[in-house]
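Here is what each chain is made of, one letter per residue.
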Amino acid sequence: MGGELNLRSEQPPAPLPEWVYAYTASMKRRLEGRDITLLGYVKSMRSGKSNFRCSKGHQWRTTPWLVAEGEGCPECGIGKRTPEEIRKMINAGIICLLTHPDKPGFIKIGVETAMPEDVYREKPWGDWEIHRYRNVEETVLAETLIWELLGHPLPHDREPVRIGLDMAEEAFRRLHYVIQEKIAFEERRISSENRSHETSDAKRKNA
Ligand SMILES: [Zn+2]
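Residues numbered from 1 in each chain as written. Predicted model: local features only at pLDDT ≥ 70, side-chain atom pairs only at ≥ 80, totals over all residues. Heavy atoms only, no water.

Draft legend 1. Up close: the packing of aromatic side chains. Within the structure shown, the criterion is met by 3 aromatic pairs. Centre to centre, the rings of Y21 and Y41 are 5.9 Å apart; their planes meet at 80°, and the pair counts as edge-to-face. Taken together, the residues Y21 in helix α2 (residues 18–31) and Y41 in the loop between β1 (36–39) and β2 (50–54) connect sequence positions 20 residues apart. You can call Y41 partly exposed: its relative accessible area is 29%. On the basis of an interplanar angle of 75° and a centroid distance of 5.9 Å, the ring pair of Y120 and Y133 is categorised as edge-to-face. In this pair, Y120 is assigned in helix α5 (residues 116–122) and Y133 in strand β6 (residues 129–136), connecting sequence segments 13 residues apart. Under the relative-accessibility criterion, Y120 is labelled partly exposed at 41%. Judged by its relative accessible area of 30%, Y133 falls in the partly exposed class. Cation over ring: R46 sits above W65, and NZ or CZ is 4.0 Å from the ring centre. Over the aromatic face of W128 sits the side chain of K108, whose NZ or CZ is 6.0 Å from the ring centroid. (Phe/Tyr/Trp six-rings, centres within 6.5 Å; stacked < 30°, edge-to-face > 60°. Helix = DSSP H or I, 4+ residues; strand = E, 2+ residues; numbered from the N terminus. Buried < 20%, exposed > 50% of the residue type's maximum accessible area, 1.4 Å probe, protein only. Lys NZ or Arg CZ within 6 Å of the ring centre and 35° of its normal.)

Now the structure itself:
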């Protein structure tokens, strides 16, 4: 196990793709307060496997998505949550590009921490209609970034703004990548800080 990796361990680690940092950051947020630690990185949420350890020392390997959605330790059950509890924990929700039949040329942004079907049913924005929506983790970050992409950075009163619908659609298309970039940047910074701590610890021990 891991023999292939050991052969290459003399070389400096290759930089990981951006999404690996983004998945890893997402997983860590989903594990907060659950007494489960992610070991290493999440390279794929659904098709790969990652290693986890619970606070009682049980270690296992599984599809990250299952743990991300609330599965607990297979031996002692610690850290089990419902998908709903997880959504609340990570502040997940939807962000919507809204248009109004009587206000052509204007758009509004709507953010709700609810499931899309509930938002469609409850119509929290009255006559404003959902033109596009995205499921997002961290609705606050998503809202900040979409307003930046639209050229109207927060803070402001979130009133409807005049903008071409094609431009607003383009901003919505880019939103996913911008969020991922932002989260990956932050995670990479944290993990490189941790690495440099480990290195200096190792140096102290060897001194
Ligand atoms: Zn356990």
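Draft legend 2. Looking closely at the pattern of salt bridges. Tallied over the full model, the rule gives 12 salt bridges. E187 is the salt-bridge partner of K28, the closest N and O atoms lying 2.7 Å from each other. With K28 in helix α2 and E187 in helix α7 (residues 165–206), this pair connects stretches of sequence that are 159 residues apart. Between R132 and E169 there is a salt bridge, with its nearest N and O atoms 3.5 Å apart. Here the residue R132 occupies a position in strand β6, and E169 occupies one in helix α7, the gap between them amounting to 37 residues. Taking the relative accessible area as the measure of exposure, R132 reaches 32% and is therefore partly exposed. Among the charged side chains, a salt-bridge network with shared partners connects R29, R30, E69, E137 and E138. (Salt bridge = Lys/Arg side-chain N within 4 Å of Asp/Glu carboxyl O.)

Draft legend 3. Representation of the coordination of the zinc ion. With distances of 2.1 to 2.3 Å, the protein atoms coordinating the zinc ion are C54 (SG), H58 (ND1), C73 (SG) and C76 (SG). Each of the 4 donor atoms around the zinc ion contributes to a set of angles spanning 100 to 118°, which defines the coordination as tetrahedral. Each donor residue of the zinc ion belongs to the same chain, and together they define the spacing C-x3-H-x14-C-x2-C. Linking H58 in the loop between β2 and β3 (59–62) with C76 in the loop between α3 (64–68) and α4 (83–89), this pair joins segments that are 18 residues apart in sequence. C76 gets classed as partly exposed once you look at its relative accessible area, which sits at 28%. (Donors = N, O, S within 2.8 Å, 3.2 Å for Na, K, Ca; no water. Tetrahedral: all angles 85-135°; square planar, octahedral: opposite > 155°, others 65-115°.)

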